[in-house]
Structures are given as structure tokens and as C-alpha cells.
Amino acid sequence: MSVNTVTLTYDVTLPKFLWKYLHKLFETGKIEVNQIIRNLWNEEGFSLLKQKGEASAILKGKINRPDNLPSRVFRNVLECAGRIIRSQIERKETFEELVKYSVEEDFNIRKYVKDTGKNLLLVENILRQIENLRKKGELPDSYFQLPSPDFRGDIFLTSADDSIGKGQFKKLKVNEESIELKIKLPISFDKWKWFEAKIRTPEKIKEALALGGKVKAPLLKRVRNKNNKQIFVLSIPIEFRVEEETELEEKVLGIDLSPSISRLAVGIIREGEKRSRPIYLKAERLVRKVLRIREEVSCLERKIDNIRNQIEETKSGKHKERLKNRLKHLFAEQKLRQKKLKNIRKQILEVLTREITEIAKLTGVSLVAIEKLEFKDIPEWKDKTLRWLFSNWFYSKFSERLEQKLKLSGIRLKRVNPAYTSRECHICGSKLKGEGLYLVCENCKKVWDRDYNASVNIAERGLRILKGIREKLMNKLSELQKERKPGGHVLKGVREITVPPDSLLRAWSEVVEISCSILQPRKEVVSSVKKNGTVYYGRSFVKICRWNSRSLLDGFL
């Protein structure tokens, strides 16, 4: 087995008696970080932070510490400012390149991203910025003529302190019973005092510690809760050592994200030459709630525009004041609903990734394959009304969170090329014709659910990757044998694939087909899938085809 690490973060709300002192700490840090960023917003500052090592160590001695800040608090301020500047170094280089290249007639953003290896979303963001500056006639000669980043002060680092348990700014002790925090906070402009807080350990952190997780340097955050109230939380990263299986079963779970009101994703399990029935992941009730809240936000925006127009037109001072108060209320309502939308998106993300991980564990797959989507690929998804919900943010977070959860179970995640996964028949490889959810193969004349077809193709590509991993392990074993060195765990990764038991072989037959015309009503298609053995599993708002020990034998077609 190969050993990797994965870090998960757990938030714990801090006691209320600390909040007013934490507010002073955050505001002090905000002022100092922004001042340091302005001082480093030049070629010399950027060159300084191109060096390797912690930003606080590089900047120490270069920037004078204010008399009112303890040394370890100032170290964390330096580290925060340094990280922000470092995040701007790549942006500066990309900005300067794109100012030159974007005026060329043959400039191709895809080719530029492929050649440079830069993030497509970053490049598109910078191109929009350059275009807007050109329209206004404000394109600068130097990147440093642009305004420096404005740090909002919603986080405060603690990683630049001496240690987790024996720091001079904070001391943290986490066990299965309690979380004990000692922290130095300002009580006035130049006076600091140690405070102690003891919190009962949440169940999630208990489980993480039981799995052998190691606590890392925490982060202090200022956030808003569901009631839009400002609170302060302690964000505790816990690092796990996970063992990735080198005994690779030839079994892959392919997932096709297909955002719509009726479904979020479709999965398929591929084992050797056999394929399972489709696995549908749904969140209809919650997605409809998101659409309703979005409509409420649009309605509030229209009211805000009307009141702004009335404020400009009215001449009465009293009426204008009433309208301003009304406008303030509408802004608060709008902000609250936008917060709800954000929370629901996170909820959908967490449950979707958890369900996929549970399916992967339950079916014993060695690898989960998903599409490697980019920002410009997402508008190809069929439901135009939900593109804003399943944006690049959602996909990147989905990919990241799914990888974290799969790693904890020793399962690999691979991103495959998404080209033609929906339009290429997984049986004969011919092109599929039609529009909407159901497509017809030009050659074999079979009708396929486009998402099911895509998930089969994704699983097929994932299987080829899995075979490549096995081949590399075999080559490594061959080299070790030539050198007469012990193979160790590598031997486990290249073992022969065993023949499935007879009971499982008898349960296999041809792949599931949707035998209907394109014009057949959707309800009939769904019922036909049920008749062919698909079982829907319901939990909260997610409906999913769940495998168990019994259906594993009956679940392959």
C-alpha cells in the first residue's frame, strides 16, 4: 500500500465572551496587513517574496514591528500579507503577458492555457479585466499602477506562532473530551491579555481523532451564521495518513455530472467487460428551493431599482428618508437570501460527494472517474436555467471534496477527457443523433439516456487509466526483480485478476438499454428503468440507486 496524507478542516464556534476581543484582533490585523501589502506593492516587494520559505521569516527585519503588537502576533500578520502578495505574483506575470498577446489576431485562449499550464479561470478573469480597462482607456503601463488587493480581515493566521500547544500567541490542546484554547487578545490599543476557553469536542472531531488524525495549526475566522449574525470560529485542520490500495481490482465507478431539476449526476460501475445498471443521484426538492430563492432575489433587485428611481425623482426630504430606510431593509433581505443560496449549494455539494463515496466503498471500486471539466465546458450542460448554480466553483469544489473523501477510504480519483462522452455510443463508438435527454445511435439504432451513455464512456476511460497504473506497477516490479531487490507492496499491486465466482457470473448479461422512442414520455422511461431492476434509495433530499450485499449480485446486467 502507498501512504498519502489528506487534510480536513473542522469549524468550532468560539465562546461569546471572546468575540469583542477577537473583533479588536481582526480589525488590528486588517489595518496592519493592508499597510504591509501597500508597502510591498512594487517590484522589490514581489522579488523578495519569490524566495522560498515562510513569508514571515523573509519579511522579518524588513518591516518594522508596531509597538502595540506582540512579536508572534506580528509574525502572523506578516505571513498573511506575504501569502496575499505571493498570490499576486502569478497574476502579475499573466497580466503582463496577456496585455501583449491578447491584441494579436490569432491569439487563442485555449492554446495559451495549454502551452503555459495556467488556470483557465484565472486567464479568463484577467482577460475580462484587461478588456474593461481598455474600454475605459485606463490600461496601465505597469501592473503596480493598479490598486493593491484590499484585505477584508475575515481571517487571522496562527501558523507563524512557535507551535500548536506551546505558542506565544495561542496554545491549543485537542482531545476526545474537550478543546482547550489559550489565546492572547487585545483589551485596549497597546494592552494584551491571555484568555482561556474550553469547548466540548464535537462528534466529527472525535471521529477524526479516533482515525488517527493529527491536529495542525488552526485558523481564526470571522463569519456570518444562518441568521446573518457575525460570529467567530476556530478552524482546526486535521491531517490523516491514508493508505492507497495497490491491490487494484479492475472495477471503476464512472460519474457524469448532469445538473438539472430532476437529477444531479448519473453513475455506472464497470468491472472488466461488465457494466452495472445506472445509479441516479437526485436533489429535486432542494434545487427547486434554490430556484424559488433565486426568484425572490430577482424580485428584491427589481424593488431596489424602483426605489432608487423614486429617491432620485422625489423632492420631499421626509419621503426620501423613508425610501432610504426601505432600501436599507431590502438590501438586508437580499443579503440574507444570497447567504441561504450559498449554504444550500454547500449542502448539495457535501451530500452529493458523501453519497458517491459511500457507493464507491460499498461496491469495492479501485478508482472513481469524473470528467475534467473547464469553465467553458460547463455551458454545454443541458439545463440552461441551472448553469449559474453549477458553475466552475461548484465543479472545482466537488472535485476537491470528492478526492478528499475518497482518499480517506484509500480510493483513487481520476479526471478524464470529457470530449464526446455524451455523443459517442458506448457500444459501437458511432455518433449519437438528437437533442435533449435521449439520443439515437446512427449505427446500432439504439436509444440511450445521454447521461447514462456519458457515465459508461467515463468509466471506460477510467478503466484504461487503471490498467495503466497496473502496468506501471508491473514495470516497477520487473525492475526490482532484475536488481534482485524485494518487491514488497508492489507485488500486491500487480497480482493477477481473479475470476469472479459463478454466482456473480450468472448474474451478468448484456448492458441495460432504454427501449423506447425519443418521443416517449419521460415518466414511462423512468418506470421502464424501474422494471429493469433499478432501485431508488431515499435519504433526506437525495434519491439514489443504492447497492447492498444482496443487490451486488443482481445489480450487474
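This text goes with the structure placed above it.
Reading the values: the criteria
Residues numbered from 1 in each chain as written. Predicted model: local features only at pLDDT ≥ 70, side-chain atom pairs only at ≥ 80, totals over all residues. Heavy atoms only, no water. Helix = DSSP H or I, 4+ residues; strand = E, 2+ residues; numbered from the N terminus. Buried < 20%, exposed > 50% of the residue type's maximum accessible area, 1.4 Å probe, protein only. Contact = heavy atoms within 4.5 Å. Areas by Shrake-Rupley, 256 points an atom, 1.4 Å probe, with all protein chains shown as cover. Pairing = 2+ DSSP bridges. Polar contact = N/O pair within 3.5 Å; in protein donor to acceptor, adjacent residues only side chain to side chain. Axes fitted to C-alpha atoms, helices over the stretch in contact; angles between N-to-C directions. Salt bridge = Lys/Arg side-chain N within 4 Å of Asp/Glu carboxyl O.

## Digging into the overall build of the protein chain
Of the regular secondary structure elements, the protein chain holds 15 helices and 19 strands. Taken across its 557 residues, the protein chain has 46% of its residues classed as buried. Pairs at least 24 apart in sequence give 68% of the contacts found in the protein chain among residues at least 6 apart. With an accessible surface of roughly 30400 Å², the protein chain has 48% of that area assigned to carbon and sulfur atoms.

## A word on the pairing of strand β12 (residues 279–282)
Side chains of β12 alternate between two faces, with Ile279 and Leu281 and Tyr280 and Lys282 buried alike. As defined by bridge partners, strand β10 (residues 265–271) adjoins β12 across three bridges and the pair is classed as antiparallel. Pairing of Val266 across the sheet is with Tyr280, part of β12.

## Details of the side chain of Glu79
Here Glu79 lies in helix α4 (residues 71–101). Since its relative accessible area comes to 5%, Glu79 is described here as buried. At a separation of 3.0 Å, a polar atom in the side chain of Glu79 contacts the main-chain amide nitrogen of Ser56. If we skip the residues at most four places from it in the chain, Glu79 touches Glu54, Ala55, Ser56, Leu157, Ser159 and Ala160.

## Some points on the sheet that holds strand β15 (residues 432–433)
With antiparallel pairing, the three strands of this open sheet are ordered in space as β15-β16-β17. The sheet is open, and its two edges are formed by β15 and β17 (447–449), each paired on a single side. Here strand β16 (residues 438–441) pairs with β17 via three bridges, running antiparallel. For Leu439, the partnering residue across the bridge sits in β17 and is Trp448.

## Details of the sheet that holds strand β4 (residues 178–186)
Strand order in the open sheet formed by three strands is β3-β4-β5, with antiparallel pairing between adjacent strands. What marks the edges here is a single partner per strand, and that holds for β3 (170–174) and β5 (192–200). Across the sheet, the mean angle from the axis of one strand to that of its neighbour is 15 degrees, orientation sign disregarded. Of the strands in this sheet, β4 and β5 touch helix α1 (residues 19–40), which is tilted by about 55 degrees from β4.

## A few points about the pattern of salt bridges
Under the definition given, this model contains 27 salt bridges. For the salt bridge of Asp162 with Arg72, the shortest nitrogen-to-oxygen distance reads 2.9 Å. Of this pair, Asp162 sits in the loop between β2 (155–157) and β3 while Arg72 is found in helix α4, placing the two residues 90 residues apart along the sequence. We classify Asp162 as partly exposed; its relative accessible area is 38%. A salt bridge links Glu403 to Arg415, with the shortest nitrogen-to-oxygen separation between them at 3.0 Å. Here the residue Glu403 occupies a position in helix α10 (residues 392–408), and Arg415 occupies one in strand β14 (residues 412–416), the gap between them amounting to 12 residues.

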